[in-house]
Amino acid sequence: MKITATIDINVAMGDVSHDGTGCQGYLPEGTRYEDIVRAFGMPQLDQSKDGKIKAEWVGRINGLVFTIYDYKSRVDAERNTDWHIGGKVKLASVLLNAYFKAAFCTACVVS
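This section reports on the structure supplied with the text.

Rules used throughout
- Residues numbered from 1 in each chain as written.
- Predicted model: local features only at pLDDT ≥ 70, side-chain atom pairs only at ≥ 80, totals over all residues.
- Heavy atoms only, no water.
- Pairing = 2+ DSSP bridges.
- Helix = DSSP H or I, 4+ residues; strand = E, 2+ residues; numbered from the N terminus.
- Axes fitted to C-alpha atoms, helices over the stretch in contact; angles between N-to-C directions.
- Buried < 20%, exposed > 50% of the residue type's maximum accessible area, 1.4 Å probe, protein only.
- Arc of directions from axis to C-beta.
- Contact = heavy atoms within 4.5 Å.

## Structural notes on the sheet that holds strand S2 (residues 22–26)
What holds strands together in a sheet is hydrogen bonding between their backbones, with the strands either parallel or antiparallel.
Okay, so step 1: As summarised here, the arrangement of the 5 strands in space is S1-S3-S4-S5-S2, forming an open sheet in which the pairing is antiparallel. One side of each edge strand has no neighbouring strand; the edge strands of this open sheet are strand S1 (11–13) and S2. Recorded for the sheet is a direction-independent mean angle of 35 degrees between the axes of neighbouring strands.

## Considering unusual backbone geometry
Okay, so step 1: With a phi angle near 50 degrees, Asn62 is a residue other than glycine that sits in the positive phi range.
Okay, so step 2: Mapped onto the elements, Asn62 comes out in the loop between strand S3 (53–61) and strand S4 (64–71).

## Quick look at the pairing of S4
Okay, so step 1: The buried fraction of S4 is high, at 6 of 8 residues.
Okay, so step 2: Across 7 bridges, S3 lies against S4 in antiparallel orientation. By the bridge assignment, Ile61 is partnered in S4 with Leu64.
Okay, so step 3: Taking the residues that link successive antiparallel strands as the turn, the S3-S4 hairpin has 2 residues, and the phi of Asn62 there is positive, at about 50 degrees.

## Section: helix H1 (residues 33–40)
Okay, so step 1: Those residues of H1 lying buried are Tyr33, Asp35, Ile36, Ala39 and Phe40. Down the axis of H1, the sector holding all buried residues measures 160 degrees, keeping them to one side.
Okay, so step 2: In this structure, the buried side of H1 is in contact with S1, S3, S4 and helix H2 (90–103).
Okay, so step 3: Gly41 occupies a position one or two residues after H1 and carries a positive phi of about 85 degrees.

Okay, structure coming up:
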């Protein structure tokens with residue numbers, strides 16, 4: 001049996017505390033900085049004090065806090081293709097990936 005479902009997804013960027021978030025997943029392999037900027041605008045946060053993150057986006061998806069960041073990347077953010085998704089619950093990563101793949105990812109295959 002195959003079931004099809006739809007979900008309304010609401011994304012709001014910025015004005016969110018990301019305290020208490022941790023890695024919940026990853027954006028699709030090969031996701032480019034330009035793809036993320038097109039989807040979510042410019043990063044809200046620049047390099048972290050400890051240098052482990054060079055660019056970070058912070059927002060809410062259906063009310064759930066999420067972050068997108070380049071943890072310990074060895075390349076500049078603009079050349080990175082390995083992006084972490086942070087949050088407080090795994091559902092934030094699942095929703096973010098569905099939203100991103102469906103609407104913005106030029107390198108992704110939506111299944």
